[in-house]
Amino acid sequence: MADAAVVRVEGGYTYRRHALALRVMHWINVVALTILLMSGLGIFNAHPALYWGLSSYQGKPPVLSMTAVATPDGDRRGVTVVLGHTFDTDGVFGVSKQPNGQRAIRGFPWWLTIPDQLWLSMSRAWHFFFAWVLVLNGLAYLAWAIASRHVARDLAPTRTDWAGIGRSIADHLKFRHDDGEAATRYNVLQKLAYLVVIFVLLPLTILMGLAMSPRIDTVFTGWVDLVGGRQSARTIHFICAWLIVLFVAIHVFQVIVTGLWNNLRSMITGRFHVRTAPAAQPAIAAEGGEREAQ
Amino acid sequence: MKRSDRRKRRRFLARAFGLAGAGMLAGCDRLSQTSWVPSVLGAADHLSEGAAKLVARKAMAQEFAPADRSPTFRSNGTADPGTEDYQALVDDGFASYRLVVDGLVAHPRQWTLDELRAMPSRSQITRHDCVEGWSAIGQWKGARLSAILAAVQPKPEARYVVFHCADPMEADGTDLYYESIDFDDAYHEQTILAYELNGAALPVANGAPLRLRVERQLGYKHAKYVMRLELVQSFAAIGEGKGGYWEDQGYQWYAGI
């Protein structure tokens, strides 16, 4: 882009926060993860129960199931059974209203699945296509993040970061955030959250997805036993998916409380506004210039 | 930038995001109904199949201990074909059953169940993974498909083995189940035509008298009530041309994931 990396505006300055490659990969991820989650819930609905172990039929009940129970008045209520505890989840899990208003027995409701209706082959088609999108986008990100030193420079916590972790936790709990010079760097909890999601949660989710493939299971015979078997892998895949949802919820919350438009703009055009006068402006200009060269 | 301009731009952005989000999700649903989107999504199947062949062409499926077997092996899909012809086979204990092997082979022939039992066999305790998500473990014994193919000698142009079954998928007794596999799977050591489950004759609910075990693929590939093997160059002229009953309904032909 032609504009300068650092632009002075009233009461602060604007600089290029995110590189174009990162912005593009971020939004590809948003689309892929959304479709993967919703088509995944569509696949789950074909057999809305999770197990721990080698198989689903080992003489013990599922660890989680969404089912319908008959009521005395002849209707059915949706329930979710978790580790033997039954919760009434009627209307959302187990039994929910279809778009046409009729109540139907299904794990997750229509508005959480792709496609709306119970259509296993179509959910699978969406899921496996966007699984490739996620994997290829993830590999491109890793290559870029390592080559551009994004991981080393922006994500790896520094010694100062570790020393300030207590204060950072307190700040987060009080929803107190920097909008001055410190906002130009990720804070330590943010760095750790990104590192865990990028290097643990997403790879584990993908690996547990692969563990469900009877063909990929054969690559190293018996490797799926390392996590307790194929049905355990399916359960871990499900838990990981919801942990990613939890991360996204916190991420979006933080985006909102630390300045929705400024953050959103920085992920679209790349430009991020810092309120205070730049004390170390030359250093940042150099960094911005370096990023521009990529 | 003027404040009102900024506000206008923000409102535009918010609407664009909202529309894009809602449009994308509603769009996924509508796009599923088109003919071109499923075929684009299906391109990923070729990628998955190619990757699997690259990393695990001849690899063996995991085998388990007798204690890992499921207490009862779940019957899914057809539990009894229910046709007159099939019932006649059940009534005489499958004595009149004949497995027909024909198509692109040098020596088409038939096998009785006793002749199949005399063929080179394999016994294996394997995990059955249904496309719905559940798994069950059972012990299977059957004739090696590779031995049957060796006896009939496929012609050079043959590429697939098609399994024609006795179970109708329509209530009026039509639309017989069928499946197909390629030669990588057909000659795989664990690919057998099973006549025993957990040490007893294969029950009707699990596909008596003969079912395919193709251990590196999902359950729907494991055709039950197998009556005839046909070797073909292409399955385009069979059924609706996708290589199997469920494939014709939109499921993947390559069911390794």
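Conventions adopted
- Residues numbered from 1 in each chain as written.
- Chains lettered and ligands numbered in written order.
- Predicted model: local features only at pLDDT ≥ 70, side-chain atom pairs only at ≥ 80, totals over all residues.
- Heavy atoms only, no water.
- Helix = DSSP H or I, 4+ residues; strand = E, 2+ residues; numbered from the N terminus.
- Rg over C-alpha atoms; globule rule 2.2 N^0.38 Å.
- Buried < 20%, exposed > 50% of the residue type's maximum accessible area, 1.4 Å probe, protein only.
- Contact = heavy atoms within 4.5 Å.
- Areas by Shrake-Rupley, 256 points an atom, 1.4 Å probe, with all protein chains shown as cover.
- Lys, Arg positive; Asp, Glu negative; His and termini not counted.
- Charge placed at Lys NZ, Arg CZ, Asp CG, Glu CD.
- Salt bridge = Lys/Arg side-chain N within 4 Å of Asp/Glu carboxyl O.
- 1 Å grid on protein atoms, 1.4 Å probe; cavity = no way out; pocket = protein on both sides within 12 Å on 5 of 7 lines; lining within 4 Å.
- Points joined across faces, edges and corners; volume = space filled by probe spheres on them.
- Nonpolar A, V, L, I, M, F, W, Y, C, P; charged D, E, K, R; others polar.
- Core = buried A, V, L, I, M, F, W, Y, C linked by side-chain atoms within 4.5 Å.
- Patch = residues over 30% accessible without salt bridge, like charges linked within 9 Å, V, L, I, M, F, W, Y side chains within 5 Å.
- Pairing = 2+ DSSP bridges.
- Domains from an automatic or database assignment.
- Buried area = accessible area lost by both parts, 1.4 Å probe.
- Polar contact = N/O pair within 3.5 Å; in protein donor to acceptor, adjacent residues only side chain to side chain.

Asks: I keep staring at the overall build of chain B and nothing clicks. Help me out?
Replies: Helix and strand content of chain B: eight helices and 10 strands. Relative to the compact-globule value of 18 Å for 257 residues, chain B shows a C-alpha radius of gyration of 23 Å, a clear excess of over 25%. By principal-axis analysis of the C-alpha atoms, chain B measures approximately 90 × 45 × 45 Å. Here chain B, with 257 residues, has 48% of them falling under the buried criterion. Sequence-distant contacts, at least 24 apart, represent 67% of the contacts inside chain B between residues at least 6 apart. About 11900 Å² of surface is accessible on chain B, with carbon and sulfur atoms providing 53% of the total. Each charge class in chain B was averaged separately, 31 positive and 32 negative side chains, and the resulting centres sit 17 Å apart.

Asks: Help me out: how do you make sense of the pattern of salt bridges in this one?
Replies: A side chain of one charge can pair with a side chain of the opposite charge if their charged atoms are brought near each other. Enumeration according to the criterion identifies 24 salt bridges over all chains in this entry. Note that Lys 221 of chain B and Glu 179 of chain B form a salt bridge whose closest N and O atoms lie 3.1 Å from each other. With Lys 221 of chain B in the loop between strand E9 (211-213) and strand E10 (226-232) and Glu 179 of chain B in strand E6 (residues 176-182), this residue pair connects regions lying 42 residues apart in the sequence. Across the pair, exposure class does not vary: Lys 221 of chain B and Glu 179 of chain B are buried alike. A cluster of three or more residues bridged by salt bridges with shared partners is formed by Asp 75, Arg 77, Asp 88, Asp 90 and Arg 103 of chain A.

Asks: Is there a simple way to explain the layout of surface pockets in this structure?
Replies: Left-over empty space is what a probe sized like a water molecule reveals as it rolls over the atoms. By volume, the second largest pocket is sized at about 600 Å³. In this structure, the second largest pocket is lined by 24 residues; those nearest its centre are Asp 45, Lys 242, Gly 250, Tyr 251 and Gln 252 of chain B. At the level of elements, helix H2 (120-147) of chain A together with helix H1 (3-33), helix H2 (36-41), helix H3 (43-55) and helix H8 (245-248) of chain B are the ones that each hand at least two residues to the lining of the second largest pocket. Tallied by class, the residues present in the lining of the second largest pocket amount to eight nonpolar, 11 polar and five charged.

Asks: Mind showing me how you'd approach the nonpolar core here?
Replies: Side chains of a nonpolar character, in soluble globular proteins, are inclined to be buried together. Counting residues in hydrophobic clusters, the biggest one holds 53 residues, and the most contacted among them are Leu 99, Leu 116, Ile 148, Phe 163, Leu 193 and Leu 229 of chain B. Residues Val 197, Met 208 and Ile 216 of chain A together with Trp 253 of chain B belong to the second largest nonpolar core, which totals 34 residues.

Asks: In this structure, what is going on with a nonpolar patch on the surface? I would like to understand it.
Replies: Residue and element names in this part refer to chain A. Together, Phe 175, Val 248, Val 252, Phe 253, Ile 256, Val 257 and Leu 260 make up a nonpolar patch on the protein surface, roughly 560 Å² of accessible area in all. A per-element tally of the nonpolar patch places helix H7 (residues 230-257) first, with five residues. Inspection of the secondary structure assignment puts Val 257 in helix H7. Accessibility expressed as a relative area gives 31% for Val 257, which makes it partly exposed.

Asks: What's the story with empty space enclosed by the protein in this structure? I'm lost.
Replies: Under the criterion given, the structure shown has two cavities of 30 Å³ or more. In this structure, the largest cavity spans a volume of roughly 90 Å³. Pro 214, Asp 217 and Thr 218 of chain A together with Ala 61, Gln 62, Phe 64, Thr 126, Arg 127, Asp 129 and Glu 215 of chain B together form the lining of the largest cavity. Taken together, the residues that form the lining of the largest cavity break down as three nonpolar, three polar and four charged. Of the voids in this model, the second largest cavity is the one considered here, and its volume is about 60 Å³. In this structure, the second largest cavity is lined by Arg 215 of chain A together with Glu 49, Lys 53, Ile 181, Asp 182, Asp 184, Asp 185, Gln 217, Trp 253 and Tyr 254 of chain B. Of all the elements in the fold, those that place two or more residues in the lining of the second largest cavity are H3, E6 and helix H7 (183-186) of chain B.

Asks: Sorry if this is basic, but what is going on with the sheet that holds strand E3 (residues 49-50) of chain A here?
Replies: Hydrogen bonds between backbone atoms are what pair the strands of a sheet, whose relative direction is either parallel or antiparallel. Residues and elements named next belong to chain A. Strand order in the open sheet made by the four strands is E3-E4-E5-E6, with antiparallel pairing throughout. At either end of the open sheet lies a strand with only one pairing partner, and these are E3 and strand E6 (85-88). As defined by bridge partners, strand E4 (residues 64-70) adjoins strand E5 (residues 76-82) across seven bridges and the pair is classed as antiparallel. The residue of E5 that forms the bridge with Ala 70 is Arg 76.

Asks: Can you walk me through the domain arrangement of chain A in this structure?
Replies: All names here are of chain A. By the assigned domains, chain A splits into domain 1 (6-54 + 110-293) and domain 2 (55-109). For domain 1 versus domain 2, the separation of C-alpha centres amounts to 32 Å. In this assembly, 22 residues from domain 1 lie in contact with 19 residues from domain 2. Of the roughly 1700 Å² buried between domain 1 and domain 2 on both sides combined, carbon and sulfur atoms contribute 62%. Our enumeration of links across domain 1 and domain 2 arrives at zero salt bridges. For the pair domain 1 and domain 2, the number of links is 13 residue pairs in polar contact (both at pLDDT 80 or more). Elements supplying a minimum of two residues to the side of domain 1 that touches domain 2: helix H1 (20-44), E3 and H7. Counting residues per element, the side of domain 1 that touches domain 2 draws most heavily on H7, at four residues. Its residues assigned to classes, the side of domain 1 that touches domain 2 shows 14 nonpolar, seven polar and one charged.

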